[in-house]
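Residue strings, one per chain:
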Amino acid sequence: MRLLFIGDIVGKPGRKMVEKWVPLLRKKYQLEYVIANYENSAHGFGITLKIYHQLSPFIDIWTGGNHTFDKKEVLPLLEEEKLLRPLNYYDVPGKWYWEDEKLVVINAMGQYGLPCGKNPFRKLNREVEKWKEKFIFIDFHGEATSEKQMLFHLLKGRVGAIIGTHTHIGTDDLQIEEGTCYLTDVGLTGCNDGMIGFDWKKALPGYLTGTRSKLEIDDKCKSIFQGVILEWNGTQTCWAIKVKGDSHTLHETQLVRG
Ligand SMILES: [Fe+2]
Ligand SMILES: [Fe+2]
């Protein structure tokens, strides 16, 4: 069984890359599931109903992050089974996991620099035990690389994959240990020549003056598509590929076997 995970989809350039490459990858790898992080899909901030419906043919399960609640339109979407928000929030609508008979998708967030309360380590350490017979996929949305690696060490051998999101910068540490696939950050899908997907020139005055400039997305930027494809044998990851593409070509950049 195979799945594709796409990290933070940033704005229209990111959405276009999803529409371009997901059908091809779905066919080539016979993907059963496509999971993607929606938190920046609406011009960098949250998700709208329109975008949800536009990308629904391409994405099966949606994960979020610290930008989940940026647009109030997310509230009815969180009633949908397949659109998640991180487990760490207190008293908010929505679910932090999705499951069927063989796959569990978990959305969790690190604590460093992010607006969350509950300790994700304590909670996940307990919660994953109830899905021992299934493949558990975790989108760990975090700023700190240390937190991401710690979650890997805590849960390796007990979950199928822990793939990081949020920094928007892809890392090259894809690995499989004790049947668990790990990558610190899959990286954004969107503009690759800006500042974490945003137009750096428009952001610059805020950095030079110490004030904050509004973050904008340049729709004419150079785009990148980044994802991870996993194959599992029921409970463990057998192999994983990092896929990376631009507007014209797509490459499988790193293959690891368990
Ligand atoms: Fe993000
Ligand atoms: Fe984030």
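Refer to the structure printed above.
Residues numbered from 1 in each chain as written. Chains lettered and ligands numbered in written order. Predicted model: local features only at pLDDT ≥ 70, side-chain atom pairs only at ≥ 80, totals over all residues.

What to know about unusual backbone geometry
Right, on to step 1. Positive phi, close to 75°, is recorded for His168, a residue that is not glycine.
Right, on to step 2. By secondary structure assignment, the location of His168 is in the loop between strand 7 (161-165) and strand 8 (175-177).
Right, on to step 3. Phi at Glu178 takes a positive value of approximately 50°, unusual for a residue other than glycine.
Right, on to step 4. Residue position: Glu178 is located in the loop between strand 8 and strand 9 (180-183).
Right, on to step 5. Exposure remark for Glu178: the 13 C-beta atoms within 10 Å place this residue in the partly exposed category. (Helix = DSSP H or I, 4+ residues; strand = E, 2+ residues; numbered from the N terminus. Buried ≥ 20, exposed ≤ 12 C-beta atoms within 10 Å, placed from the backbone.)

What to know about the sheet that holds strand 5 (residues 103-109)
Right, on to step 1. With mixed pairing, 6 strands are arranged side by side in an open sheet as 4-5-6-7-9-8. This sheet does not close on itself; its edge strands, each paired only once, are strand 4 (97-99) and strand 8. When strand polarity is set aside, the average angle formed by the axes of neighbouring strands in this sheet is 20°.
Right, on to step 2. Against the sheet, helix 5 (residues 145-155) contacts strand 6 (135-141), strand 7 and strand 9, and its axis sits at roughly 170° relative to strand 7. (Pairing = 2+ DSSP bridges. Axes fitted to C-alpha atoms, helices over the stretch in contact; angles between N-to-C directions. Contact = placed C-beta atoms within 7 Å.)

Side note on the pairing of strand 6
In regular strands, side chains alternate between the two faces of the sheet.
Right, on to step 1. For strand 6, the tally of buried residues reaches 7 of 7 residues, placing the bulk of the element in the interior.
Right, on to step 2. Along strand 6, one buried face is formed by Phe135, Phe137, Asp139 and His141 and the opposite face, lined by Ile136, Ile138 and Phe140, is buried too.
Right, on to step 3. Summarising the sheet, strand 5 and strand 6 pair through 7 bridges and their orientation is parallel. Paired with Met109 across the two strands is His141, which belongs to strand 6.
Right, on to step 4. Following the backbone out of strand 5, through helix 4 (residues 120-127) and into the adjacent parallel strand 6, one traces a crossover that is right-handed.
Right, on to step 5. Inspection of the sheet shows strand 6 paired to strand 7 by 5 bridges, in the parallel sense. Counted as the bridge partner of Asp139 is Ile163 from strand 7. (Right-handed = clockwise from strand over helix to strand, strands pointing away.)

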